[in-house]
Amino acid sequence: MLEADREIDLDCKIYDFHLTIPPSVMVPSSYTRLLFEGIPENVNFNKGLDLGCGCGLLALLLARRGCKKVLATDINPVAINATNLNAKLNNVGNVVCAVEANMFSGLPYDFDIIAFNPPSFPSLTSKKLRPNFYAGKDGRKFIDIAIKNAKHHLNPGGKFFYIQNSLSDFRKSIKMIESEGYKWKVLNSQKTEFREEYYTQIRHLRNLKLKGYCDYIEQGGKAFQEIHIMELQHE
């Protein structure tokens, strides 16, 4: 059964957090763990933003790391309710606050750290995909918005951390990052096998690869992408 077909709440433990995840909220992927574990310990954890929070796992992790205030945002009101519930269940309700917002709209203050695991899978259709995967034909719908706007919501010295995969034109991201005036580094990279849903778009991905917009390898009947943990700081 695909994640998108789930019809009941899921109660689970991840990172020793007890999480309640309603059907319309996606279970955190392994990429969330990669993102958080890639964030250096010496980052200023005063005010944090979990952008596109889902069930709030990343917000909880930022609170555990020592953030004094974490704002979690999502366009899905069910995700907002789930994040606030999970914050209370894990005794960080005084630190984590989730509010409904579309990307960077209406944020009440700026941040020392912004963390984002964006939908970034290139697909001709959203059918049979988890909602937190689909990001348009080139996979860049949310990445482009984030790169252009994160710098306007960072405190001096603040940093933006996000996941960039090799399927959504990594080279274009680097050009955009530099044109927007960020200093940047790749904190970690990892090769990961395609998820089951990705193979439904393999013809589209092959076309993108031929055009130089996408990169992956096919080996032994399987396909693999590269996941990059990015650190951006506006100069």
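See above for the structure.
For the structure given in this document, a descriptive report is provided here. (Residues numbered from 1 in each chain as written. Predicted model: local features only at pLDDT ≥ 70, side-chain atom pairs only at ≥ 80, totals over all residues. Heavy atoms only, no water.)

### Side note on the overall build of the protein chain
Line of reasoning, step 1. Helix and strand counts for the protein chain stand at six helices and 10 strands.
Line of reasoning, step 2. Computed over its C-alpha atoms, the radius of gyration of the protein chain comes to 17 Å, within 12% of the 18 Å expected for a compact globule of 235 residues.
Line of reasoning, step 3. Referenced to the eigenvectors of the C-alpha coordinate spread, the extents of the protein chain come out at roughly 50 × 45 × 30 Å.
Line of reasoning, step 4. In the protein chain, buried positions account for 55% of the 235 residues.
Line of reasoning, step 5. The average position of the 30 basic charges and that of the 26 acidic charges among the side chains of the protein chain differ by 3 Å. (Helix = DSSP H or I, 4+ residues; strand = E, 2+ residues; numbered from the N terminus. Rg over C-alpha atoms; globule rule 2.2 N^0.38 Å. Buried < 20%, exposed > 50% of the residue type's maximum accessible area, 1.4 Å probe, protein only. Lys, Arg positive; Asp, Glu negative; His and termini not counted. Charge placed at Lys NZ, Arg CZ, Asp CG, Glu CD.)

### A closer look at helix H6 (residues 202–210)
Line of reasoning, step 1. Those residues of H6 that sit buried are Ile202, His204, Leu205 and Leu208. Seen from one end, H6 has its buried residues packed into an arc of 155°, which puts them on one side. Looking at H6, the residues exposed on the side facing more than 90 degrees away from the buried face are Arg203 and Leu210.
Line of reasoning, step 2. Immediately downstream of H6, the backbone of Gly212 shows phi near 85°, a positive value. (Arc of directions from axis to C-beta.)

### Remarks on the nonpolar core
A general tendency of soluble globular proteins is for nonpolar side chains to be buried together.
Line of reasoning, step 1. Counting residues in each nonpolar core, the largest one holds 50 residues, and the members touching the most others are Leu19, Leu57, Val70, Val96, Ile113, Phe194 and Tyr216.
Line of reasoning, step 2. Sorting elements by how many residues they give to this core places helix H2 (residues 57–65) first, with seven residues.
Line of reasoning, step 3. In this structure, Ile113 is in contact with Ile39, Val43, Asn44, Phe45, Lys47, Gly48, Leu49, Leu62, Cys67, Lys159 and Phe161, ignoring residues within four places of it in sequence.
Line of reasoning, step 4. Listed in part, the 25 residues of the second largest apolar core include Phe111, Ile114, Ala135 and Phe160. (Core = buried A, V, L, I, M, F, W, Y, C linked by side-chain atoms within 4.5 Å. Contact = heavy atoms within 4.5 Å.)

### A few points about the packing of aromatic side chains
Line of reasoning, step 1. Counted according to the given criterion, the structure contains seven aromatic pairs.
Line of reasoning, step 2. On the basis of an interplanar angle of 75° and a centroid distance of 6.4 Å, the ring pair of Tyr15 and Phe36 is categorised as edge-to-face. Of this pair, Tyr15 sits in the loop between strand S1 (10–14) and strand S2 (17–21) while Phe36 sits in helix H1 (residues 30–38), and the two are 21 residues apart along the sequence.
Line of reasoning, step 3. Where Phe194 meets Tyr199, the ring centres are 5.6 Å apart and the plane angle is 55°; that geometry is what we call tilted.
Line of reasoning, step 4. Residue classification places Tyr199 among the partly exposed positions, given a relative accessible area of 31%.
Line of reasoning, step 5. Through a chain of ring-to-ring contacts, three or more aromatic side chains come together here, namely Phe121, Phe194, Tyr198, Tyr199 and Tyr216.
Line of reasoning, step 6. Sitting over the ring of Tyr109, Lys69 keeps its end group 5.0 Å from the ring centre.
Line of reasoning, step 7. The side chain of Lys209 reaches across the aromatic face of Tyr216, ending 4.6 Å from its centre. (Phe/Tyr/Trp six-rings, centres within 6.5 Å; stacked < 30°, edge-to-face > 60°. Lys NZ or Arg CZ within 6 Å of the ring centre and 35° of its normal.)

### Describing H2
Line of reasoning, step 1. A large share of H2 lies buried, amounting to seven of its nine residues.
Line of reasoning, step 2. Taken together, the buried positions of H2 are occupied by Leu57, Leu58, Ala59, Leu60, Leu61, Leu62 and Ala63.

### Concerning unusual backbone geometry
Line of reasoning, step 1. Of note in the backbone geometry, Tyr15 takes a positive phi value of approximately 55° without being a glycine.
Line of reasoning, step 2. On the basis of relative accessible area, Tyr15 is assigned to the buried category, the value being 19%.
Line of reasoning, step 3. Residues other than glycine seldom take positive phi values, yet Asp16 does so here, at roughly 70°.
Line of reasoning, step 4. Overall, Asp16 belongs to the exposed group, its relative accessible area being 65%.

### Digging into the packing of H1 against H2
Line of reasoning, step 1. Across the interface, H1 lies against H2 with an axial gap of 10 Å and an inter-helix angle of 25°. The pairing of H1 with H2 is recorded here as roughly parallel in orientation. By crossing handedness, the relation of H1 to H2 is classed as right-handed. Within the contact between the two elements, H1 uses Thr32, Leu35 and Phe36 and H2 uses Leu57, Leu58, Leu61, Leu62 and Arg65.
Line of reasoning, step 2. Residue composition of the contact of H1 with H2, by class: six nonpolar, one polar and one charged. (Axes fitted to C-alpha atoms, helices over the stretch in contact; angles between N-to-C directions. Parallel < 35°, antiparallel > 145°, perpendicular 65-115°, else oblique. Left-handed = near helix turned anticlockwise from the far one by under 90°. Nonpolar A, V, L, I, M, F, W, Y, C, P; charged D, E, K, R; others polar.)

### So, the pairing of strand S7 (residues 154–165)
Line of reasoning, step 1. Among the 12 residues that make up S7, nine are buried, leaving the element largely enclosed by the rest of the structure.
Line of reasoning, step 2. Pairing geometry for strand S6 (residues 111–116) and S7, over five bridges, is parallel. Bridging across to S7, Ile113 finds its partner in Lys159.
Line of reasoning, step 3. By the bridge criterion, six bridges tie S7 to strand S10 (residues 222–234) in an arrangement that is antiparallel. Note that in S10 the partner of Asn165 across the bridge is Ile227. (Pairing = 2+ DSSP bridges.)

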